[in-house]
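Now for the letters of each chain:
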Amino acid sequence: MFIISLSQEIRNTKFKCDDMTKSIRYKILFFTSILLGFYQYPEAQTRKEAHQQEVDCVNPLIGTSFTGIQKGAGGGGTMPCVGTPFAMTNFVAQTCENKMGRMIYRYEDSTIMGFTATHQPTVWMGDYGYVSVMPQIGQLKVLPKERALSYSHQDEIAKPYYYSTLLNTGNGQKIKAEIAASGRCAIFQFTFPKTEEAHLIIQGINLDVANGNKTNDIESRAKRLKGYVKIDNVKDEITGYNPDRMSAQLGPDLPNFKGYFIIQFDKTIESFGTWDKGQITPSSTEQYGTQMGAYINFKVKKNEKVKVRIATSFISIEQARGNMLHEVPDWDFTKLANATKETWQENLSRIKVDGATQEQKTIFYTAMFHSMLFPREFSEYGKYYSAFDDQVHEGVSYNDYSLWDTFRALHPLLILIQPQRVSPMIRSLLQMYKEGGWMPMWPNPTYTNIMIGTHADAVIADAWEKGFRDYDVNLAYEAMRKDAMVPPDGDTQKRWGDRDRWTGFEGRGGLSYYHSLGYVPDDKTSQSVSRTIEFSFDDFCVSQLAKDLGKTEDYKRLKEWSGNYRNVYNKETGFMAPRLYDGSWSKTPNKGFTEGSPWDYLFGAFHDIPGMIHLMGGKEQFAKKLDMTFAGDHYRLDNEPGHHYGYLYDYCNQPWKTQELVRNYTRINYRNQPNGINGNDDCGQMSAWYIFSTLGFYPVTPGLPVYSIGSPTFKNVRIYLANGKVFEIEAKNVSVDNKYIQSATLNGKPLNIPWFNHKDLEEGGTLVFEMGPEANHNWGISGN
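A brief structural summary. (Residues numbered from 1 in each chain as written. Predicted model: local features only at pLDDT ≥ 70, side-chain atom pairs only at ≥ 80, totals over all residues. Heavy atoms only, no water.)

**A short note on the overall build of the chain**
Thought 1: Each helix and strand in the chain was counted, giving 20 helices and 33 strands.
Thought 2: Taken over the C-alpha trace, the chain has a radius of gyration of 26 Å; the compact-globule value for 784 residues is 28 Å, and the two agree within 12%.
Thought 3: Along the first, second and third principal axes, the C-alpha atoms of the chain reach 80 × 65 × 45 Å.
Thought 4: Within the chain, the fraction of its 784 residues that count as buried is 65%.
Thought 5: For the chain, the proportion of contacts with a sequence separation of at least 24, taken over those separated by at least 6, is 71%. (Helix = DSSP H or I, 4+ residues; strand = E, 2+ residues; numbered from the N terminus. Rg over C-alpha atoms; globule rule 2.2 N^0.38 Å. Buried < 20%, exposed > 50% of the residue type's maximum accessible area, 1.4 Å probe, protein only. Contact = heavy atoms within 4.5 Å.)

What follows is the structure, given as structure tokens:
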């Protein structure tokens, strides 16, 4: 038996993920631990096992490229972060100065300027309460671009529980940087060359006005915000806070908001100082500023390791210290990496795939990894800071909900793989309602008027219809009813432009017109067509709860309003189109859409597919319009409005086209490479679409407990449910060519329709498909 480093182990591993049961894996882990004494990261590791676990299939570098697969498509906007599932704080190598529109890590960058505790959820939203640490030798350089060191992806290892790379410091010398992390805390480990001048630079805030633009309004924040650091050379620690929120102009002021941190060192601080905007003050122990931090100096021997322990909090320094005691009570880098690895393995193994290639497993389990990052935990052992009333409360909280995206597939997926979090996530939305007056549209971490609609309604309705009830349903209905019934303040005086500076909560901007006219007029409110369609869907979601709670009058009104999408369908052109206040059609038919065109919203009323079919002249005409969409290259999967489009053939007697399209889009839009997500992942929505679609089914209409069938990719899949049951999907004869369903059975009974109910899934059982190379035009049309 021999011992090798973690970095060599991972680099040499061929990801062969098997289907061993947890008990077998844990026995191997137990006996291996006895033989070795303990796992060591990265100093020692057992000889590589013949088989790898699901966690070893994950490649966090997928989606980190600035560009996507197809020409013109953006990248995934992901980052190779380290931490536990749904971590409050992500720990990541920082390759550039991030802002709204730029992630903290971009694969194309060639330098690293820090190792950061970040809260940036996605490229279109801002970071907040961040802090970073950067190792250095030689002359002290503190500003981000000056201190940046080059690195090579050949030296980089990225796993959910571990990250490492080599930083080039010149003259052939390198610093090895490593990260292990939990949910709120981390240990950074830096291995230095021999030097008399080693430094660690802490940046507590970075309001660099050079990074300012319309969506990243730094100048106004720089005038009123200051970060703070304090050095304690007796305790060998630095404490401080960062009040910056990069998306602050999109939400209300939060005078009490701060990202608190404690940074400790296992190396005695020999000398130290602080800095602000490049001005260095040796021996200073405290600093306020807008682009500032601290530094410590020390001597190191060749290959000497210096560990940095970091804890974060949104409540206080004291709470950060408590978080540290809970999560990293000692300096054991190995133990922390192992604990996080085991947590990820338990979560990832809730779905097991068999009959997949090595490449497919990497893509699949990386998608699962991305689907278990957001919404992030925001509470800290029984308490949480609320960005909706700027106070601290008792309870559990989640934040950073990308609701316009994630209501479609991410939240329905969490119902299957994270059911214990579903009701707490809903309770968090209701806490925001109580503390701020509305459920949020896109909290970051407070209200922002990003995107349109009130899709928290969909998240709650879908969970309710699938049996999740551990929250105050009357409060939930009150919040949802307000979304549907009450226009925002100043509704008819504002156009509610995308990313307008905050003037009040938008909610359903244009709702006043929607109620009086039956649609949102384009000459009064921006994104009018999309708003009309999405408000109709949201009304459907609220109506589901109204019906179940016996709110008869509300149900009738909401049911009627859910058909308002028909009022923006122009029968002459055959498209959804903008209408003016006087009822006439706009002369600019391509206006009025959110991140899309008339093609992207043509089939947007997925809560009323029979109604859309009738509107377009029946199933045959509906199918022809779908044909035109796909054949004319009007459809792209890289944005959310059309995520359900491929499944619509199930509803018009042509399910074989769904099977063909879904299989094609899972293949061309997802790769095991840095640009391997074709379009922004949007906090896991693109990844969730992939997971559902490779399993062979998809929740076309959140708020209805029904799954539409596509084309399974893998020979066998087992979903391990929280109730102890297993739902198994078997695809006989499945292959790249055999993508068409010939027949299907559900629990041994013939399934001749292209749908099944959530109840069938939650009770466990087996869904079996017979696959073949030619379309079976007779399967899946019964009941249509």
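On we go from here.
**Overview of helix α14 (residues 528-548)**
Thought 1: The end-to-end C-alpha distance of α14 is 31 Å, a good match for the 30 Å that 21 residues give at a rise of 1.5 Å each.
Thought 2: Of all 21 residues in α14, 19 are buried, a share of seventy percent or more.
Thought 3: Backbone geometry just downstream of α14 places G550 in the positive-phi region, at approximately 75°. (Expected span 1.5 Å × (residues − 1).)

**Digging into the state of the cysteines**
Thought 1: All told, the structure shown has zero disulfides when counted by the stated rule.
Thought 2: The thiol sulfur of C185 is not disulfide-bonded, and the nearest other cysteine sulfur, from C81, lies at 16 Å.
Thought 3: The buried category is assigned to C185, whose relative accessible area is 0%.
Thought 4: Left unpaired, C541 is separated from the closest cysteine sulfur, that of C683, by 20 Å.
Thought 5: Under the relative-accessibility criterion, C541 is labelled buried at 0%. (Disulfide = S-S within 2.5 Å.)

**Observations concerning the pattern of salt bridges**
Thought 1: Under the defined criterion, the tally for this structure stands at 29 salt bridges.
Thought 2: When the shortest N-O distance is used, the salt bridge between E377 and R184 registers 3.2 Å. Here E377 is found in strand β20 (residues 376-377), whereas its partner R184 is found in the loop between β8 (173-181) and β9 (185-192), with 193 residues between them in sequence. Side by side, E377 and R184 carry an identical accessibility label, which is buried.
Thought 3: Residues E304 and K267 are paired through a salt bridge, measuring 2.7 Å at the closest nitrogen-oxygen approach. With a gap of 37 residues between them, E304 in strand β18 (residues 304-313) and K267 in the loop between β13 (259-265) and β14 (271-276) connect regions that are remote in the sequence. In terms of burial, E304 and K267 fall into one category: buried. (Salt bridge = Lys/Arg side-chain N within 4 Å of Asp/Glu carboxyl O.)

**A few points about the packing of aromatic side chains**
What characterises a pair of aromatic rings is the spacing of the ring centres plus the angle enclosed by the ring planes.
Thought 1: Counted according to the given criterion, the structure contains 48 aromatic pairs.
Thought 2: On the numbers, 5.4 Å between centres and 50° between planes, the contact of Y651 with W755 is tilted. With Y651 in the loop between α17 (619-631) and α18 (655-668) and W755 in strand β32 (residues 755-757), the pair connects residues that are 104 residues apart, well separated along the chain. W755 matches Y651 in its accessibility class, with the two residues each being buried.
Thought 3: Seen from their ring centres, F697 and F756 are 5.2 Å apart, and the 75° between their planes marks the pair as edge-to-face. Separated by 59 residues along the polypeptide, F697 in strand β26 (residues 697-698) and F756 in strand β32 bring together distant segments of the chain.
Thought 4: For F697, a relative accessible area of 0% puts it in the buried group.
Thought 5: Among the aromatic residues, those joined into a cluster by ring pairs are F603, F622, F630, Y635, Y645, Y649 and Y665. (Phe/Tyr/Trp six-rings, centres within 6.5 Å; stacked < 30°, edge-to-face > 60°.)

**Digging into the pairing of strand β33 (residues 765-772)**
Thought 1: Bridge count between strand β29 (residues 726-732) and β33: six bridges; the pairing is parallel. Among the inter-strand pairings, E730 is bridged to a residue of β33, identified as V768.
Thought 2: Looking at chain direction, strand β30 (residues 740-746) and β33 are connected through six bridges and run antiparallel. Within the sheet, the bridge partner assigned to S743 lies in β33 and is E770. (Pairing = 2+ DSSP bridges.)

**Points about the pairing of strand β21 (residues 383-386)**
Thought 1: Of the strand pairs in this sheet, β21 and strand β22 (residues 391-394) are connected by four bridges, and their pairing is antiparallel. Bridge pairing in β22 links Y384 to H393.
Thought 2: If you look at the hairpin formed by β21 and β22, you'll find four residues sitting between the two strands, and D390 has a positive phi there, around 65°.

**As for helix α6 (residues 333-348)**
Thought 1: Between the first and last C-alpha of α6 there are 23 Å, a value that for 16 residues agrees with the 22 Å anticipated at 1.5 Å per step.
Thought 2: For α6, the full list of buried residues reads F333, T334, L336, A337, N338, T340, K341, W344, Q345, N347 and L348.

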